[in-house]
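Structural characterization, general
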Amino acid sequence: MAVLSGEKMADSLSVLVLNSGSSSVKYKLFDMEDESVSASGLVERIGGAEGTARHRVRSEEGIRELDLRQSFTDHRQAFEHLFSVLGNPGLSAIGHRLVHGGERFQRPVLIDDEVVEAIRANIPLAPLHNPPNLLGIEIARELYSGIPQVAVFDTAFHQTLPEVAWRYAVPQGWYEKYRIRRYGFHGTSHAYVAREVSRCLGRSLETLNLITLHLGNGASITAIREGRSIDTSMGMTPLEGLMMGTRSGDLDPSIIFYLQRVWGMDGRQLEHVLNHESGLKGICGSNDMRAIHAAAEGGDSRARLAIDMFCYRLRKYIGAYLAVLGKVDALVFTGGIGENDARIRARVCDGLAFLDIRLDPDANAQVGPAGRPIHARGSEIAVYVIPTDEELEIARQTLSRLREVDSTG
Ligand code: ADP
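These notes cover the structure that comes with them. (Residues numbered from 1 in each chain as written. Predicted model: local features only at pLDDT ≥ 70, side-chain atom pairs only at ≥ 80, totals over all residues. Heavy atoms only, no water.)

1. Notes on the overall build of the protein chain
When helices and strands are tallied, the protein chain shows 16 helices and 14 strands. Here the C-alpha atoms of the protein chain give a radius of gyration of 22 Å, agreeing with the 22 Å that 2.2 N^0.38 yields for 409 residues. A principal-axis box enclosing the C-alpha atoms of the protein chain has dimensions of 55 × 55 × 45 Å. Burial analysis of the protein chain (409 residues in total) assigns 51% to the buried set. Taking the contacts inside the protein chain whose residues are at least 6 apart along the sequence as the reference set, 62% of them involve residues at least 24 apart. (Helix = DSSP H or I, 4+ residues; strand = E, 2+ residues; numbered from the N terminus. Rg over C-alpha atoms; globule rule 2.2 N^0.38 Å. Buried < 20%, exposed > 50% of the residue type's maximum accessible area, 1.4 Å probe, protein only. Contact = heavy atoms within 4.5 Å.)

2. Let's talk about the site of the ligand
Neighbouring the ligand are the residues G216, N217, G218, N287, D288, M289, R290, G335, G336, I337, N340 and D341. Contact distances for the ligand include 2.9 Å between an oxygen atom and a backbone N or O atom of N217. Backbone polar atom of N287 to an oxygen atom of the ligand: 3.2 Å apart, as the coordinates give it. Isolated, the ligand exposes 570 Å² of accessible area, and the fraction of that covered by the protein chains is 65%. Those elements that place two or more of their residues in the shell around the ligand are α11 (289-297) and α13 (335-340). Examining the composition of the shell around the ligand, we find that four residues originate from one element, α13, more than from any other. (Near = heavy atom within 4 Å. Polar contact = N/O pair within 3.5 Å; in protein donor to acceptor, adjacent residues only side chain to side chain. Areas by Shrake-Rupley, 256 points an atom, 1.4 Å probe, with all protein chains shown as cover.)

3. Details of the pairing of strand β4 (residues 52-59)
Sheet topology note: the strand β3 (residues 36-44)/β4 ladder contains six bridges and is antiparallel. From the neighbouring strand, G41 faces β4, where its bridge partner is H55. When β4 meets strand β5 (residues 62-69), the two strands line up antiparallel, connected through eight bridges. Residue pairing for β5: T52 is matched across the bridge by R69. Hairpin geometry of β4 and β5 is characterised by an intervening segment of two residues between the two adjacent antiparallel strands. (Pairing = 2+ DSSP bridges.)

4. Observations regarding the sheet that holds strand β6 (residues 91-98)
An order of β5-β4-β3-β2-β1-β6-β8-β7 is seen for the eight strands of this open sheet, with the pairing classed as mixed. Pairing within the sheet leaves two strands with one partner each, and these edge strands are β5 and β7 (109-110). Against the sheet, helix α4 (residues 130-143) touches β1 (14-20), β6 and β8 (149-153), its axis set at about 165 degrees to β6. (Axes fitted to C-alpha atoms, helices over the stretch in contact; angles between N-to-C directions.)

5. What about a nonpolar patch on the surface?
Side chains of Y258, V262 and W263 sit close together on the surface and give an oily, nonpolar patch of about 350 Å² of accessible area. Secondary-structure assignment places V262 in helix α8 (residues 254-263). Using a relative accessible area of 45% as the deciding quantity, one classes V262 as partly exposed. (Patch = residues over 30% accessible without salt bridge, like charges linked within 9 Å, V, L, I, M, F, W, Y side chains within 5 Å. Salt bridge = Lys/Arg side-chain N within 4 Å of Asp/Glu carboxyl O.)

6. Quick word on the nonpolar core
Ranked by internal contacts, the top residues of the largest apolar core, which has 44 residues, are I211, L213, L215, F310, L331 and I357. Going through the elements one at a time, β9 (210-215), β10 (219-225), α10 (279-284), α11, α12 (301-325), β12 (330-334), α14 (342-349) and β14 (382-385) are the ones with two or more residues in this core. Among the elements that take part in this core, α12 stands out by supplying 11 residues, more than any other. Look past the residues within four positions of I211 in its chain and what remains in contact with it is I221, T222, I318, Y321, L322, L325, V328, A330, L331 and V332. In terms of nonpolar packing, the next biggest core, distinct from the first, is built from 30 residues, L110, V152, A395 and V405 among them. (Core = buried A, V, L, I, M, F, W, Y, C linked by side-chain atoms within 4.5 Å.)

7. Some remarks on the pairing of β8
Counting buried positions along β8 gives five out of five residues, so the element sits mostly inside the fold. Burial along β8 is two-sided: the face carrying Q149, A151 and F153 and the face carrying V150 and V152 are both buried. Note that β7 and β8 share two bridges and pair antiparallel. Opposite V109, over in β8, you have A151 as the bridge partner.

8. As for the packing of α12 against α14
Two quantities define a packed helix pair, namely the angle between the helix axes and the distance between the axes. One way to put it is that α12 packs onto α14 with a least axis distance of 9 Å and a crossing angle of 50 degrees. In terms of orientation, α12 and α14 fall into the oblique class. In this structure, α12 meets α14 at a crossing whose hand is right-handed. For the pair α12 and α14, the contacting residues are I307, D308, F310, C311, L314, R315 and I318 in the first and I344, R347, V348 and C349 in the second. Of the residues contributing to the contact of α12 with α14, the split by class is eight nonpolar, no polar and three charged. (Parallel < 35°, antiparallel > 145°, perpendicular 65-115°, else oblique. Left-handed = near helix turned anticlockwise from the far one by under 90°. Nonpolar A, V, L, I, M, F, W, Y, C, P; charged D, E, K, R; others polar.)

As far as function goes, none of this settles anything; it's purely spatial.
Below is the structure:
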């Protein structure tokens, strides 16, 4: 089946990336000839009385910005609105962001009925994220029938983890029956920055060992050997690992039993607190790192502790992944904190010269949008700041999947 027709290939290569969440839909439309963004936007508060929609659309007349307030009763209305704004952009493909692909999806797939059912079967693994992702697929398939659509999974990049890293030390039956295992997340972002740093270093990704740190509201760290993920800090769900904006990260599971048994809390309540009231917010009341720095500077000891804990846990993971990888070519910072927060980067790398990690303080302090090195001369391990672009990565993976399908017939 030729999914990218010769005509379209010659004409334009327009790829629409959709991220359909529980009450919002984000999109970016790429012209893949030069990977530029021809339109982007966001519909928010779907299902609420006061919805909003923002769009930025490039045309021959220039950039058109739309800022609308109107209610969107459901996802279908939001998508119909979005597609009416985009008009008919001559799409070559649509790429959908999917949070959880389970074990079934190790790479992007061309969506058909069978894939939709397999995604549905994974809903219990990500009950908050997969249903709205799937809804987006179903509506887009209906409204843009005939346009090839590809699902790109946040878990797929980590399907190369060796069993020793993805198993939990729990009874074998738990894995066999319930699929209790580590999956890892943020894969699209880790894959994107890994590819970008290989470009910066002028070396093929297959020759590189990397530690990538995605530090946003959610945070995860990945060990990459010869271009493939071999360990990552998030697990069965995005709750495991680093301290995050509102998620606890690693903790002793007995805390949960104790709170249930002695203090009468129930599972739902605990799940909510560990996901939404913990992490930086749990310690100091805020999950906005800029506000936390400001509070710490003003003498707020809880804000200081939150920063200390955030950096401490990161350093522990870096140490662990250095040991796992043996030799590391580069450490890569990305995500809202990783890209913008020079103080956190300095704290994380402080005193790691004995592990061959040395920052250049001036390079680290400079802010700039492009990927750049921040290590000192003579640092064995390069350190880079690479702004992530998950949408572009999804567009790239969508296109390369379609090209593969075309070349194999
Ligand atoms: P999400 O995971 O929601 O996509 P982001 O990647 O946007 O989150 O990261 C959000 C985090 O980045 C917040 O803690 C925010 O305070 C922090 N952040 C954004 N800009 C800066 C900045 N200039 N300095 C420090 N922290 C920043």
